[in-house]
Amino acid sequence: MQIVILDAHAANPGDLSWEPLRAFGNLSVYARTEECEVARRLRGADIALVNKSRVTAETLQDANRLRLICVLATGYDCVDVAACRERGIAVCNVPAYSTEAVAQLAIALLLELTHRVGDHSYMIHKGAWTAGADFCFWKQAPVEIHGKTLGILGTGQIGLRVAQIAQAFGLRVLAHSRTQRPDFPGCYVDLDTLLAQADILSLHCPATEQTTGIIHAETLAKMREGALLINTARGALVVEQDVADALRSGKLGGYAADVLTREPPPLEHPLLGAPNCILTGHYAWATTAARERLLNITFQNVQAFLAGEELNRVC
């Protein structure tokens, strides 16, 4: 049994262990795999683990032994599922391993937008408070979120968890989602109402044909003046140039995102250098606890497949 990991570094840069996989066969671990190398590294493999490496119909042409692809993520859009189904290759993902971690960062980004902790700490370390005349120092007054309205677009596990945490801060919670869940601690409204009433809009839906580019110039125009926008879901949900323009005009009071359409971003990316824009590097999911869950569930996926059982199969 030949097992290959195409892009191991992000999920496990060395602080965790792949050793449990060796119980199932010979293991080859690659920190990263360039697009031109994917087909060659899949050739001869029985099981492949991928994170963001793209597995297409073309790269599968010579992968005649491949029986299982385990995606080291919840989203599996990096794999051509139709091509796998045609070739009889099973595909598994890892659902809900990062719910707490991503929800935590969404709230952290909200608090950073409203308190600018990083900016103030930087200025104080540079001497701004020392040079001041008062016992207190701020360049931008913090914003109290109690009583404000948080809009959530997409109420899967992460959107639900963000709503639950938000209630502890005294936020009024509204949501718009393709499916409505009875345990959601807020009110469901149509999209236009969500945009019009939200002081803060947090995105938690997948990037589908219906949601790609859902935040653009026209939807931004429907939002409250100075509203805050948070994106810990997918960069493709927003038209980034339109968001940058809304930040510069003051229509948006702030944008905080852990995800971009291109990762890593080019230097000419429209959001780099945009005002009131906080960017983190697609790391919401990467707490040690979440990555431990990710690996453990992946090991269980492999074990179940080899035992003839279905666990977290998407095809």
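Only a predicted model underlies this, so the values are computations on that prediction, with no experimental measurement involved.

Peer 1: Before we move on, could you go through the nonpolar core and cite the residues and values that matter?
Peer 2: In this structure, Ile215, Leu229, Val243 and Tyr255 are the most contacted members of the largest nonpolar core, which totals 27 residues. Looking at this core, the elements that each hand over two or more residues are α6 (191–197), β9 (200–203), β10 (227–231), α8 (240–249) and β11 (252–257). Ranked by residue count, the leading element in this core is α8, at four residues. Those residues in contact with Ile215 that sit more than four places away from it in its chain are Leu195, Leu201, Leu203, Leu220, Leu229, Leu237, Val238 and Val239. Counting residues in hydrophobic clusters, the runner-up holds 26 residues, among them Ile3, Leu16, Leu21 and Phe299.

Peer 1: For the sheet that holds β11, give the residues involved together with the corresponding values.
Peer 2: Spatially, β8-β7-β6-β9-β10-β11-β12 is the arrangement adopted by the seven strands of the open sheet, whose pairing is parallel. One side of each edge strand has no neighbouring strand; the edge strands of this open sheet are β8 (187–188) and β12 (277–279). With four bridges connecting them, β9 and β10 associate as parallel partners. By the bridge assignment for β10, Ser202 is matched with Ile230. The strands touched by helix α5 (residues 157–168) within the sheet are β6 (149–153) and β7 (172–176), with β6 carrying the most contacts at an inclination of about 170°.

Peer 1: Can you lay out the pattern of salt bridges for me, pointing to particular residues and giving the numbers?
Peer 2: Counted according to the given criterion, the structure contains 13 salt bridges. Residue Asp15 pairs with Arg291 through a salt bridge whose shortest N-O separation is 2.5 Å. One end of the pair, Asp15, is in the loop between β1 (2–5) and β2 (26–29); the other, Arg291, is in helix α9 (residues 288–306), with 276 residues separating them in the sequence. Classification of Arg291 by relative accessible area gives buried; the value is 5%. A salt bridge links Arg116 to Asp119; the nearest nitrogen and oxygen atoms lie 3.9 Å apart. The exposure class of Arg116 is buried, given its relative accessible area of 7%.

Thresholds applied
Residues numbered from 1 in each chain as written. Predicted model: local features only at pLDDT ≥ 70, side-chain atom pairs only at ≥ 80, totals over all residues. Heavy atoms only, no water. Core = buried A, V, L, I, M, F, W, Y, C linked by side-chain atoms within 4.5 Å. Buried < 20%, exposed > 50% of the residue type's maximum accessible area, 1.4 Å probe, protein only. Helix = DSSP H or I, 4+ residues; strand = E, 2+ residues; numbered from the N terminus. Contact = heavy atoms within 4.5 Å. Pairing = 2+ DSSP bridges. Axes fitted to C-alpha atoms, helices over the stretch in contact; angles between N-to-C directions. Salt bridge = Lys/Arg side-chain N within 4 Å of Asp/Glu carboxyl O.

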